[in-house]
Each structure stands twice: as structure tokens, then as C-alpha cells.
Amino acid sequence: GGIYQASGGTLNLDASGPGKIKISNNYTSYSTGYGGGIYSYGTLVMNNAEVSYNKANQSGVGGGIYSYGTLTIKNSVIKFNEANGGGIYNYYRQADLYNSTLESNTAYENGGGFFGCYNSNFKDMTIKNNKAKNGGGIYVAAISNSSNLNYYLTDCFIIDNTAGVKGGGVYSGG
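Just so we're clear, the structure is a prediction, and the values are computed from it rather than from any experiment.

A. Summary view of the overall build of the chain. Within the chain one finds 0 helices and 23 strands. Computed over C-alpha atoms, the radius of gyration of the chain comes to 14 Å, within 12% of the 16 Å expected from 2.2 N^0.38 for 174 residues, which places it in the range of a compact globule. Expressed along its principal axes, the backbone C-alpha trace of the chain runs to roughly 40 × 35 × 30 Å. Residue burial in the chain is summarised as follows: out of 174 residues, 48% are buried. Pairs at least 24 apart in sequence give 74% of the contacts found in the chain among residues at least 6 apart. As displayed, the chain offers around 7500 Å² of accessible surface, 43% of which is attributable to carbon and sulfur atoms. In the chain, 11 positive and 9 negative side-chain charges are present, and the distance between their average locations comes to 4 Å.

B. Representation of the pattern of salt bridges within the structure. According to the stated counting rule, one finds 5 salt bridges in the structure shown. For Glu82, the salt bridge is made with Lys55, and the minimal N-O distance between the two is 3.9 Å. Here the residue Glu82 occupies a position in the loop between β11 (77–79) and β12 (88–90), and Lys55 occupies one in strand β8 (residues 55–56), the gap between them amounting to 27 residues. When its relative accessible area of 28% is taken as the criterion, Glu82 is described as partly exposed. Here Asp124 makes a salt bridge to Lys123, at a shortest N to O gap of 3.9 Å.

C. A look at the side chain of Ser52. Among the structural elements, Ser52 can be located in strand β7 (residues 49–52). Ser52 gets classed as buried once you look at its relative accessible area, which sits at 1%. Of note is the side chain of Ser52, whose polar atom sits 2.8 Å from the side chain of Glu50. Among residues more than four places away in sequence, those in contact with Ser52 are Lys22, Ile23, Ser24, Asn25, Lys79, Phe80 and Asn81.

Here is what the cut-offs are and how they apply
Residues numbered from 1 in each chain as written. Predicted model: local features only at pLDDT ≥ 70, side-chain atom pairs only at ≥ 80, totals over all residues. Heavy atoms only, no water. Helix = DSSP H or I, 4+ residues; strand = E, 2+ residues; numbered from the N terminus. Rg over C-alpha atoms; globule rule 2.2 N^0.38 Å. Buried < 20%, exposed > 50% of the residue type's maximum accessible area, 1.4 Å probe, protein only. Contact = heavy atoms within 4.5 Å. Areas by Shrake-Rupley, 256 points an atom, 1.4 Å probe, with all protein chains shown as cover. Lys, Arg positive; Asp, Glu negative; His and termini not counted. Charge placed at Lys NZ, Arg CZ, Asp CG, Glu CD. Salt bridge = Lys/Arg side-chain N within 4 Å of Asp/Glu carboxyl O. Polar contact = N/O pair within 3.5 Å; in protein donor to acceptor, adjacent residues only side chain to side chain.

In short, the description is geometric, and any link to function would need to be established separately.
What follows is the structure in C-alpha cells.
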């Protein structure tokens, strides 16, 4: 993929000034490829960034971003990524997404825009034109280690997402 952050630490991608961080056109081809654009096994903080046109192979997860740590995204765009958890695959840690867009991402199975199995907050988000088998826009499901799953959508637009089976906009499995 584009950026690989091994265990621990914090990856801070912040373009608060006039520039913008762009992670684009990356591919993870390993048989269980994680994170076509970004693989983060620590804390990931993004502000004013674009993650686009990234892909993990058909068995992989997190076309745009794979996160196994605390995830905070602000003022960013995640679009045209492809994998299970097409835009973002957030596993077993808190995710906070603010004033950002998840658009036109595709998942082979679950979570076109966002796949999460731990507590998540979405505020002032636009989630549109994402596709998946389940949870076209957002797919959230508890796993055995996180039985108290809480997710919040505040002032969000969930528009024109498609699921082949369940949950065109949002699929909540626990």
C-alpha cells in the first residue's frame, strides 16, 4: 500500500495549511492484503487529506484505510477505494470521523464506505454512492471482544448507497 505504520505509535497526517495530503493509486497485492492506501497498527490522525483510488486484493480489507488502532479523521475525503471495507476498515478500536466524505467506495462483501466492529462516531459526514453486499454506506457489527457496540450518527447525510443483500445505507449487526 501507500503508507505502512507498524505496531504502536501515532501517524499524524495533517495538512492544516494551504496544501493537502493525498494518498492515491496504491495497491496491496499480498494474499491477505490490508490497507491499499494506509495500513495503521497504531493511532491514526488525519486532517485535510484525501485517500483515493486505492485497492486491497479480493481477500484483503481496507481499500483506502485499514486501522487497528484509534482512528480520527477530520475534513477529509475517502473515495473510489476497493476492498472489504472499501473506504475504511476499522478493527477493534474507537473511530471518530468529522466533517468528511466517504464516497464511491466498493466492498466485495461488507462496508462499502466504512466497516467497523467497535465504537464509532460520525459527525457532519457525507456518506454517498458506496456499494457492498451488506452495508453499502456503513457496516457495523459487534465481535466477541466488543459486545457493547455503540455508534453515533450526528448531522450526517447518507445518500444513494447500495447493498446487494442488506442495509443500503447502514447495516448494524450488533
